[in-house]
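# Understanding the architecture of this molecule
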Amino acid sequence: MIGRLNHVAIAVESVEKASAVYREALGAKVSAPETVVEHGVTVVFVELPNTKIELLEPYGENSPIAGFVAKNPSGGIHHVCYEVDDILAARDRLKASGARVLGDGEPKIGAHGKPVLFLHPKDFCGALVELEQA
Ligand code: CO
């Protein structure tokens, strides 16, 4: 069911500092920061030949990644995102198998303008999984 790895997201205290690490030490192409108010994050995209890395910084008082960054002040892998062809079919199949879909179970528009869902890490080997419609 899952297809390509769309991105790996790394949550950090500062996307500015993290961008410098990726740009200077690792020699990667890094986008300008974008704040996505409704998701409570500021994000930059690191473009790699075969996938992307998203560097996420908490934005606002109720950022969903604030607790994670507080626990991981030097940053940490926050989630992995896999592409699916049909996000509603994927959701229904997962729910039927007993997996927990976070939130109200309805896809939201993610940072790339496509519908996304998140799956409970305890059902997926300890890793938060994002599904994005390809
Ligand atoms: Co993501």
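Nothing here was measured: the structure is a model prediction, and the numbers come from that model. (Residues numbered from 1 in each chain as written. Predicted model: local features only at pLDDT ≥ 70, side-chain atom pairs only at ≥ 80, totals over all residues. Heavy atoms only, no water.)

### Remarks on helix 3 (residues 87-96)
Applicable threshold: Whether a residue is buried, partly exposed or exposed follows from its accessible area with a 1.4 Å probe, protein chains only, as a fraction of its type maximum: under 20%, in between, or over 50%, in that order. Each helix is a run of H or I in the DSSP string that is no shorter than four residues. Each strand is a run of E no shorter than two, and both are numbered from the N terminus. Starting at the helix axis, one direction is taken to each C-beta atom, and the arc is that of these directions. Any two residues whose heavy atoms approach within 4.5 Å at even a single point are treated as in contact. Any pair of N or O atoms that falls within 3.5 Å is considered a polar contact. Within protein, one atom must be able to donate a hydrogen and the other to accept it, and sequence-neighbouring residues count only if both atoms are side-chain atoms.
I87, A90, R91 and L94 are the residues of helix 3 that are buried. On an axial view of helix 3, the arc spanned by its buried residues comes to 100 degrees, and they lie on one face. In helix 3, the exposed positions that point more than 90 degrees away from the buried face belong to R93 and A96. Buried residues belonging to helix 3 abut strand 6 (76-84), strand 8 (115-119) and strand 9 (129-133). Sitting at the head of helix 3, D86 places a side-chain oxygen 3.1 Å from the backbone nitrogen of L88. Immediately downstream of helix 3, the backbone of G98 shows phi near 95 degrees, a positive value.

### Points about the coordination of the cobalt ion
To keep it simple, the criterion reads: A donor here means any N, O or S atom no more than 2.8 Å from the metal (3.2 Å for Na, K and Ca); water is not included, so a site may seem to lack partners.
Binding of the cobalt ion to the protein goes through H7 (NE2), H79 (NE2) and E130 (OE), at separations of 2.0 to 2.1 Å. Read in sequence order, the donor residues for the cobalt ion give the motif H-x71-H-x50-E. Of the two residues, H7 is situated in strand 1 (residues 5-11) and E130 in strand 9; the sequence distance between them amounts to 123 residues. Of the two residues examined, H7 and E130, each falls in the buried class.

### Brief notes about the pattern of salt bridges
Note the threshold: We count a salt bridge whenever a side-chain nitrogen from Lys or Arg sits within 4 Å of a carboxyl oxygen from Asp or Glu.
Evaluated as defined, the whole model comprises five salt bridges. Here E83 makes a salt bridge to R4, at a shortest N to O gap of 3.7 Å. A residue pair is termed long-range when its members are at least 10 positions apart, and E83 in strand 6 and R4 in the segment before strand 1 qualify at 79 residues. The exposure class of E83 is buried, given its relative accessible area of 14%. For R4, a relative accessible area of 52% translates into the label exposed. R91 serves as the salt-bridge partner of D92, at 3.1 Å between the closest nitrogen and oxygen. Residue classification places R91 among the buried positions, given a relative accessible area of 12%. Each of the salt bridges in this network shares a partner with another, and the network as a whole consists of R91, D92 and E106.

### Brief notes about the pairing of strand 9
The test is simple: Criterion used throughout: strands pair if DSSP finds at least two bridges between them.
Most of strand 9 sits out of view: four of its five residues are buried. Sheet topology note: the strand 6/strand 9 ladder contains five bridges and is parallel. Paired with C81 across the strands is E130, a residue of strand 9. By the bridge criterion, four bridges tie strand 8 to strand 9 in an arrangement that is antiparallel.

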